Amino acid sequence: MPPPADVPDEPRRLAILGATGSIGTQTLDIVRLFPDAFEVEVLSGHRNAERLIAQARAFEPTHVVVTDDAAYVTVRDALAGTAIQVTYGQDGLCEAAALPTVDVVVAAVVGAAGMRSVLAALEAGKTVALANKEALVVAGHLVEAALAAHGGTLIPVDSEHSAIFQCLQGEPPAAVERLILTASGGPFRMRPRHTFADIKPEEALNHPNWSMGAKITIDSATLMNKGLEVMEARWLFGVGPDAIDVVVHPQSIIHSMVTFHDGSTKAQLGVPDMKVPIQYALTYPERWEAPHERLDWGQVAGLDFEPPDREAFGCLPLAYEALRLGGVAPAVLNAANEVAVARFLAGTLRFTEIPEVIGYALKTITGPAQPSLENLIERDSMARRVAQEHQPRRVPLTNC
Ligand code: NDP
Ligand code: MG
């Protein structure tokens, strides 16, 4: 396939943080599609040393960052004798995100662990292709301040936010009335609510439409992912919680919508494939020709919509509550959720206890209305402790 006419003469130099994960590996797939258009400067990983070493050998970045102690030693030793500089930890991530040789930072670390490097990239005035929604959930006001002070750019990777971003192109911001985030509804949309306490991790990891990392897959099953995305949309598009709706759309073909003041609604559609929004974030404002699967309209049997069940999926109303509370509440909600998901995956918390643990942390931990980064990091740690220790009162499982 000939290179697209609009591929730039100078390659865009990428720092891919979280390169070993689902978004990270798909970003590298895009780089493989356009080898002359991108240069990989930085790769990072946490525990998956083997994959990171293989990626480093294939893409020859100048820097590799490892955040897990044991994996760091393995990667450093494996890459000794090459020109690649191997650095360690959160400080390593922040330094790599701000390197003068980096044009675009792909923020694809999972969880609040991605927050500091997003801030560091924006403080260095970089363009950030943002998958790590937790950075905005936890520290939206600090991200906003860093953007305003240092002239960086934030481009969404999350499919719903990429859809909204695409719908907003060429539209006056004041004309926006509502944002409508679509949700697949996850694997338990049709499951009787009284059986939710029996849900096993392997059932929750089986998403009907998307193949993603474990944490976001569980978040999709609880609808916390949609709650986090409401918060992400608030900061990306400057729209308050009362103007952001969630609608369940099981086919995941409409990726999200915007309604304007004149009553018109725009939507962005496509097959559920994260490579499309990843590529758009890397090539924006251009669109480069690529062989991603197209929608086959003859095979689209229907587009269905229904309201989310806020009683069965208690994480969604909790996220709206945290967003309305503001201050440290979103950081507390996010940290408690990360711990609750890990406990559920480890088999020590029931599916139905996830919102209970998060609600308990939200009630227990308060803080300043305009928290500093230190305040947020401190409340994050407190919320993790509370969520780890809280044991909800159990009712026996029913067999009916
Ligand atoms: P994965 O779990 O697949 O990958 C996460 C990445 O982060 C891996 O590279 C992992 O390293 C690294 N990582 C894990 N823990 C830490 C840590 N403590 N410090 C530094 N790095 C760490 O996640 P996804 O790719 O699915 O998701 C990444 C982000 O993108 C999340 O915020 C998610 O919400 C968002 N997102 C994901 C989508 C998807 O389709 N997957 C869609 C939309 C948004 P290692 O594997 O080496 O341990
Ligand atoms: Mg999404």
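Everything below is about the structure printed above this text.
Here's a quick rundown of the structure. Quantities reported herein were computed from a predicted structural model and do not represent experimental measurements.

### With respect to helix α11 (residues 275-283)
Structural remark: α-helix, 3.6 residues per turn; residues separated by three or four positions point the same way. With seven of its nine residues buried, α11 lies for the most part within the structure. For α11, the full list of buried residues reads Pro 277, Ile 278, Gln 279, Tyr 280, Ala 281, Leu 282 and Thr 283.

### A short note on the layout of surface pockets
The calculated volume of the second largest pocket comes to roughly 480 Å³. What lines the second largest pocket is a set of 25 residues, and nearest its centre among them are Gln 268, Leu 269, Val 276, Arg 287 and His 292. It is α11 that provides the largest number of residues to the lining of the second largest pocket, a total of five residues. Per-class residue counts for the lining of the second largest pocket are 10 nonpolar, nine polar and six charged.

### Let's talk about the site of ligand 1
Lining the immediate surroundings of ligand 1 are 24 residues, of which Thr 20, Ser 22, Arg 47, Asn 48 and Glu 134 lie closest. Within the backbone of Asn 48, one N or O atom sits 2.9 Å away from an oxygen atom of ligand 1. Here an oxygen atom of ligand 1 sits 3.4 Å away from a polar atom, N or O, in the main chain of Val 110. Put simply, the parts of the chain that give the shell around ligand 1 at least two residues each are α1 (22-33) and α6 (133-150). A class-by-class count of the residues in the shell around ligand 1 yields 10 nonpolar, 10 polar and four charged.

### Here's the deal with the sheet that holds strand β7 (residues 153-156)
What the seven strands build is an open sheet, ordered β4-β3-β2-β1-β5-β6-β7; its pairing is parallel. Since the sheet does not close on itself, it has two edges, and those belong to β4 (85-88) and β7, each with one partner. Adjacent strand axes in the sheet meet at a mean angle of 20°, parallel and antiparallel pairs treated alike. Pairing of strand β1 (residues 12-17) with strand β5 (residues 104-107), which is carried by four bridges, proceeds in the parallel orientation. Residue Ala 15 lies in a different strand from β5, and its bridge partner there is Val 105. Across the sheet, α1 touches β1, β2 (38-45) and β5, and the angle it forms with β2 is around 165°.

### A short note on the packing of helix α9 (residues 214-222) against helix α13 (residues 329-346)
Packing of α9 against α13 brings their axes to within 10 Å, and their N-to-C directions diverge by 100°. Classified by the interaxial angle, the pair formed by α9 and α13 is roughly perpendicular. Here Ala 214, Lys 215, Ile 218 and Asp 219 of α9 come into contact with α13, specifically with Asn 334, Asn 337, Glu 338, Val 341, Phe 344 and Leu 345. Of the residues contributing to the contact of α9 with α13, the split by class is five nonpolar, two polar and three charged.

### Some details on the coordination of the magnesium ion (ligand 2)
Four donors placed tetrahedrally about a metal ideally form angles of 109.5 degrees, and six donors placed octahedrally ideally form angles of 90 or 180 degrees. Within the protein, the magnesium ion (ligand 2) binds to Asp 158 (OD), Glu 160 (OE) and Glu 229 (OE); these donor distances fall in the range 2.1 to 2.2 Å. In the primary structure, the donors to the magnesium ion (ligand 2) are separated according to the pattern D-x1-E-x68-E.

### What to know about the pairing of β1
With respect to burial, β1 is a largely interior element, five of its six residues being buried. Note that β1 and β2 share five bridges and pair parallel. Its bridge partner lying in β2, Ile 16 is registered against Leu 43. The parallel pair β1 and β2 is bridged by α1, and the resulting crossover is right-handed.

### Quick notes on the nonpolar core
Grouped together as the largest cluster of nonpolar side chains are 128 residues, with contacts concentrated most on Phe 38, Val 64, Val 75, Leu 179, Leu 333 and Ile 354. Element by element, the count of residues in this core is highest for α13, at 10 residues. Residues within four places of Val 64 in sequence aside, it is in contact with Leu 43, Leu 52, Ala 56, Val 75, Leu 79, Ile 84, Gln 85, Val 86 and Thr 87.

### Quick notes on the packing of α9 against helix α10 (residues 224-237)
Closest axis-to-axis distance for the α9/α10 pair is 5 Å, and the angle between their directions is 95°. Compared by their axis directions, α9 and α10 come out roughly perpendicular. The residues of α10 that touch α9, namely those facing Lys 215, Ile 216, Asp 219, Ser 220 and Thr 222, are Met 224, Asn 225 and Leu 228. Residues of the contact of α9 with α10, tallied by class, amount to three nonpolar, three polar and two charged.

### Topic: a nonpolar patch on the surface
There is a patch of nonpolar side chains on the surface, built from Leu 269, Trp 297, Leu 303 and Phe 305 and spanning about 380 Å² of accessible area. For Leu 269, the position within the fold is in strand β11 (residues 265-269). For Leu 269, a relative accessible area of 32% gives the class partly exposed.

Conventions and cut-offs
Within every chain, residues take consecutive numbers counted from 1 along the sequence as written. Both sets of labels track the order of writing: A upward for chains, 1 upward for ligands. Side-chain atom pairs in this predicted model are given and counted only at pLDDT of 80 or more, local residue features only at pLDDT of at least 70, and totals for whole chains, interfaces and linings cover all residues. To get the side-chain values, all heavy atoms of the structure are used, and hydrogens and water are removed first. Between buried and exposed lies partly exposed: a residue is buried under 20% and exposed over 50% of the maximum accessible area for its type, with that area taken using a 1.4 Å probe on protein chains only. Under the DSSP-based scheme used, a helix requires at least four consecutive residues in state H or I and a strand at least two consecutive residues in state E, with every element numbered from the N terminus. A cavity, in this analysis, means grid points on a 1 Å lattice covering only the protein atoms where a 1.4 Å probe fits yet has no way out; a pocket is instead an open set bounded by protein on both sides within 12 Å along at least five of seven lines, and a residue lines either one if it has an atom within 4 Å of a point. Grid points are joined across faces, edges and corners, and a volume is the space filled by probe spheres set on the points. Each residue gets one label: Ala, Val, Leu, Ile, Met, Phe, Trp, Tyr, Cys and Pro are nonpolar, Asp, Glu, Lys and Arg are charged, and the others, such as Gly, are polar. A cutoff of 4 Å decides nearness: a residue is near a molecule or strand if any of its heavy atoms lies inside that distance of it. Two N or O atoms form a polar contact when they lie within 3.5 Å of each other; inside protein one atom must be a possible hydrogen donor and the other a possible acceptor, and for residues adjacent in sequence the pair counts only when both atoms belong to side chains. Two strands qualify as a pair provided that DSSP identifies no fewer than 2 bridges between them. Here, axes are lines fitted to C-alpha atoms. For helices the fit covers the stretch in contact, and angles between N-to-C directions go from 0 to 180 degrees. Contacts were defined at the residue level, with two residues in contact if any of their heavy atoms lie within 4.5 Å. To sort the angles, those under 35 degrees are grouped as roughly parallel, those over 145 as roughly antiparallel, those from 65 to 115 as roughly perpendicular, and the leftovers as oblique. The rule for donors is simple: an N, O or S atom within 2.8 Å of the metal counts, and for Na, K and Ca the reach is 3.2 Å. Water is not among the atoms, so a site may look short of donors. Look down the strands so they point away from you; if going from the first strand over the helix to the second traces a clockwise path, that crossover is right-handed. We call a set of buried residues a nonpolar core when its members are Ala, Val, Leu, Ile, Met, Phe, Trp, Tyr or Cys and they connect through side-chain atoms within 4.5 Å of each other. For patches, a residue must show more than 30% relative accessible area and have no salt bridge; joins then use 9 Å for like charges and 5 Å for nonpolar side chains, namely Val, Leu, Ile, Met, Phe, Trp and Tyr. Values of accessible area rely on a 1.4 Å probe in the Shrake-Rupley scheme; residue burial ignores everything except the protein chains shown. Salt bridges are counted wherever a side-chain nitrogen of Lys or Arg sits within 4 Å of a carboxyl oxygen of Asp or Glu.

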